[in-house]
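# Notes for the structure review
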Amino acid sequence: MEVSDGNTIEVLTEENELYKIELAGIDCPELQQPFGAAAKHMLEKSIKGNKVEAFIEGKNRWGTRQAIVIPNHGNDPRLKLLAEGLAWTSEKNPNSEFESIRIDAQDHGKGLWKDKDPTPPWIFRRQQTTLTPKFQ
């Protein structure tokens, strides 16, 4: 299992298939953003050396599987990332339970919420796209 960033992993199935999986319901800072590396490190600590069960919920617009990923110790890493201020809830249709955890982290100034106006990763990605030169 390989951790790509705070909310993306690659897992090898029992059938030897490699799947890229995004944690459903959250979005962590990109690695180039403040707290991106901290989110990746926390996810690595949460799942490294553990078998995981992935419950696929769908795919994003790029075809990446989105799933609930539970390590064999049973703790959902999404909850820890939100509680420590290392993730936002999804941009679209945020889970109300997750949103209350995120708001609590924000109210307590944890992680990325130490900044008064952190840039959500979906905004950061859009900004990066507009900075990329378009060739014709």
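Since we're looking at a predicted model, the values are computed, not measured. Numbering of residues starts from 1 in each chain and follows the order in which that chain's sequence is written. Residues qualify for local features only when their pLDDT is at least 70, as the model is predicted, and side-chain atom pairs are given and counted only at 80 or more; totals for whole chains, interfaces and linings, by contrast, use all residues. As a rule here, side-chain values come from all non-hydrogen atoms in the structure, and water together with hydrogens is ignored.

Counting secondary structure elements, the chain contains four helices and seven strands. Counting from the amino terminus, the chain carries its helices and strands in the arrangement β-β-β-β-α-β-β-α-β-α-α. Only C-alpha atoms enter the radius of gyration; for comparison, a globular chain is expected to reach 2.2 Å times N to the power 0.38, where N is the number of residues. What you see for the chain is a C-alpha radius of gyration of 15 Å, in line with the 14 Å of a compact globule of 136 residues. For the chain, the C-alpha atoms occupy an extent of roughly 50 × 45 × 25 Å along the three principal directions. A simple rule labels every residue: compare its accessible area, found with a 1.4 Å probe on the protein chains alone, to the largest value its type can have, and call it buried under 20%, exposed over 50%, or partly exposed in between. Every one of the 136 residues in the chain was classed for burial, and the buried ones make up 38%. Here, two residues are considered to be in contact whenever any of their heavy atoms come within 4.5 Å of each other. Across the chain, contacts joining residues at least 24 apart in sequence account for 55% of those joining residues at least 6 apart. The secondary structure listing takes helices from DSSP runs of H or I that are at least 4 residues long and strands from runs of E that are at least 2 residues long, numbered from the N terminus.

Moving on to the pattern of salt bridges. Side-chain pairing between opposite charges can occur once the charged atoms of the two side chains come close. When a carboxyl oxygen of Asp or Glu is within 4 Å of a side-chain nitrogen of Lys or Arg, the pair counts as a salt bridge. Evaluated as defined, the whole model comprises six salt bridges. A salt bridge links Asp 76 to Arg 78; the nearest nitrogen and oxygen atoms lie 2.7 Å apart. Taking the relative accessible area as the measure of exposure, Arg 78 reaches 7% and is therefore buried. For the salt bridge of Glu 99 with Arg 102, the shortest nitrogen-to-oxygen distance reads 2.6 Å. A residue pair is termed a helical-turn pair when its members lie 3 or 4 positions apart in one helix, as Glu 99 and Arg 102 do in helix α3 (residues 96–107) at three residues. For Arg 102, a relative accessible area of 10% puts it in the buried group. In the salt-bridge network here, residues are joined through shared partners; they are Asp 27, Glu 30 and Arg 125.

For the rest of this paragraph, the subject is the packing of aromatic side chains. Pairing of aromatic side chains here covers Phe, Tyr and the six-membered ring of Trp, requires ring centres within 6.5 Å, and sorts the geometry by plane angle: under 30 degrees stacked, over 60 edge-to-face, intermediate tilted. For the structure shown, the criterion picks out two aromatic pairs. Each ring, one from Trp 88 and one from Trp 113, has its centre 5.5 Å from the other, and the planes form 65°; the classification is edge-to-face. Of this pair, Trp 88 sits in strand β7 (residues 88–89) while Trp 113 is found in the loop between α3 and α4 (121–131), placing the two residues 25 residues apart along the sequence. Considered together, Trp 88 and Trp 113 belong to a single accessibility category, that of buried residues. Each ring, one from Trp 88 and one from Trp 122, has its centre 6.3 Å from the other, and the planes form 70°; the classification is edge-to-face. Here the residue Trp 88 occupies a position in strand β7, and Trp 122 occupies one in helix α4, the gap between them amounting to 34 residues. One aromatic cluster is present, formed by Trp 88, Trp 113 and Trp 122 through successive ring pairs. Two thresholds decide whether a charge sits over a ring: the Lys NZ or Arg CZ must be within 6 Å of the ring centre and within 35 degrees of the ring normal. It is Arg 65 that lies over the ring of Tyr 19; its NZ or CZ is 3.7 Å from the centre.

By themselves, these observations are geometric and do not establish any function.
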